[in-house]
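The chain contents come next:
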Amino acid sequence: MRILQSRMRVFPSDAGEPQYSLDENDNMTVDANSRPPSPTLGTATVHAGERRFRAHNSLTVPIVQTAVYTFESTAALVNYTEEHMFWEEPEREEYGRYGNPTVRAVEAKIAALEGAEDAILVSSGMAAVTATLLLMLSHGDHLILTDECYYNTLLYCQNFLPRYGIEVTVTPHGDYAALEAAIRPNTRLIFSESPTNPFNHCIDLARLVDIAKPRQIKTVIDTTFATPVNLRALDYGVDLVIHSVTKYLAGHNDVMAGAIVGSYDLTTRLRQAHSMLGYVVDPHAAYLILRGIKTLALRVARQNANGLAVARYLAEQPQIRQVWYPGLACHRDHALATATMRGFGGVVSFEIEGDAARAHCFMDALTIPTIGPSLGGVESMVSPLALMGYANVPPEDRAAMGIRDELVRLCLGIEEADDLIADLKQALESLA
Ligand SMILES: *Cc1c(COP(=O)(O)O)cnc(C)c1O
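Calculation criteria
- Residues numbered from 1 in each chain as written.
- Predicted model: local features only at pLDDT ≥ 70, side-chain atom pairs only at ≥ 80, totals over all residues.
- Heavy atoms only, no water.
- Helix = DSSP H or I, 4+ residues; strand = E, 2+ residues; numbered from the N terminus.
- Buried < 20%, exposed > 50% of the residue type's maximum accessible area, 1.4 Å probe, protein only.
- Expected span 1.5 Å × (residues − 1).
- Pairing = 2+ DSSP bridges.
- Contact = heavy atoms within 4.5 Å.
- Axes fitted to C-alpha atoms, helices over the stretch in contact; angles between N-to-C directions.
- Polar contact = N/O pair within 3.5 Å; in protein donor to acceptor, adjacent residues only side chain to side chain.
- Near = heavy atom within 4 Å.
- Nonpolar A, V, L, I, M, F, W, Y, C, P; charged D, E, K, R; others polar.

This part covers the environment of proline 214. Among the structural elements, proline 214 can be located in the loop between α8 (205-212) and β7 (218-222). You can call proline 214 exposed: its relative accessible area is 59%. Residues proline 214 and valine 170, spaced 44 residues apart in sequence, show a C-alpha to C-alpha distance of 21 Å.

A few words now on helix α12 (residues 296-315). Between its terminal C-alpha atoms α12 stretches 28 Å, which fits the 28 Å expected from 20 residues at 1.5 Å a residue. Listed as buried for α12 are Leu296, Arg299, Val300, Gln303, Asn304, Asn306, Gly307, Leu308, Val310, Ala311, Tyr313 and Leu314.

This part is about the sheet that holds strand β13 (residues 381-384). Pairing is mixed across the open sheet formed by five strands, whose spatial order is β10-β11-β14-β13-β12. Two strands lie at the open edges of the sheet, namely β10 (320-324) and β12 (370-371), each paired on one side alone. Here β10 runs beside strand β11 (residues 347-352); their pairing, made up of four bridges, is antiparallel. Residue pairing for β11: tryptophan 324 is matched across the bridge by serine 349. Those strands touched by α12 are β10, β11 and β14 (407-411), and its axis lies near 15° from that of β11.

Relative to the assigned elements, histidine 173 resides in the loop between β5 (167-171) and α7 (176-182). At 2.8 Å, the side chain of histidine 173 forms a polar contact with the backbone oxygen of glutamate 193. Residues contacting histidine 173, with those up to four places away along its chain left out, are Thr146, Asp147, Glu148, Ser192, Glu193, Thr196, His201, Cys202, Ile203 and Arg332.

On to the site of the ligand. In the neighbourhood of the ligand, 13 residues make up the surrounding shell, with Gly125, Met126, Asp222, Thr246 and Lys247 lying closest. Between the ligand and methionine 126 there is a distance of 2.8 Å, counted from an oxygen atom to a backbone nitrogen or oxygen. A breakdown of the residues in the shell around the ligand according to their chemical character gives five nonpolar, five polar and three charged.

A separate point is the environment of glutamate 415. With respect to the element layout, glutamate 415 can be found in the loop between β14 and α16 (417-429). The sequence separation of glutamate 415 and valine 378 amounts to 37 residues, and the corresponding C-alpha distance is 7.6 Å. If near-sequence neighbours (up to four positions away) are discounted, glutamate 415 is found in contact with Arg302, Asn306, Ile368, Val378, Glu379, Ser380 and Leu420. A distance of 2.7 Å separates a polar atom in the side chain of glutamate 415 from a polar atom in the side chain of serine 380.

Here it is in structure tokens:
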């Protein structure tokens, strides 16, 4: 029932609520005579989460730039408090840390895109990771993390959570036997990423959920690299999805945020704690994210196409030692990605034949991608990972992670594939 309630919240209607029901497979069906069915993703990126008619007849969602909300009378305050007591979604807000209408619109939009009941927008992707783990785990609990994850996530789990009495085991990404063997009676949560940074390894979500669910272990997946356009992890029974909204969702390299997405039960618990932790997003940042998401489906479709074209081109060049892109048949998880993802994403990692100096010359010769640490924006970006992101990792650990000096991570933007390939070609030729 919760899903139905939240769908109604996510798509506020002006002409009465739609008549939803569930078929024998628990899929939502919509009475054809009531309202149109749930919009498909491209339509949802534009409209979901937003009221059809907004304050002052504004077409765009207003930036409600306030930290404080006022009450017209003490009676209005009593009403508000009662709504809270009965767990109804209050019609209004009280204080900026507890909620903001511009932020709420982003949350509802992201929830709709993931097919989720609810989402919480926080101030960065790392805020989403740290808050989720801090709030889902208690002293004495055990966490399993798959390796090949965002490096700060690994550091947080290995160096920070143990200070609070949380035990952590790191298992190899994609090794399901090791994952199962690591489970203990106090294992509460499995955290993984798909596809991974930088090698684009994918998790078999159905298999992961089969291992975790019967044992009442919660699963949390960071699907920043996939976006809901390419993968909706909640459809597989995963409990929570995490995004660095900074990357593809916001998409313009101009704002930082994170999202925690899942069932209303879990997000309600997390939201109460979130208002204590205070990882709030500024309303203006929320507006930029809302505007960014409107073009998510278009951007990711282009980035998928650019990723595939560039990966295919690079795989054929003699100056390239290896390419890691799930759209290539040579990638470890090609079959899994083909079966579960709607696109292979915009991140192509590869090694230049030669040494670090040669890889650096290649990156310096590029004229379209700039050298920088991020991904998912409209501008293509290239990262020498041994110098960036992993620069502070001890060299032996870096080697164990497969981060060699010749490794290049190319994150495609929305430029034309032909231009990007011509640029790569001239940079490779300059090496000769
Ligand atoms: C960037 C990133 C994060 C951290 O997000 P921030 O918004 O930079 O805090 C977490 N996970 C993945 C997979 C990322 O790419």
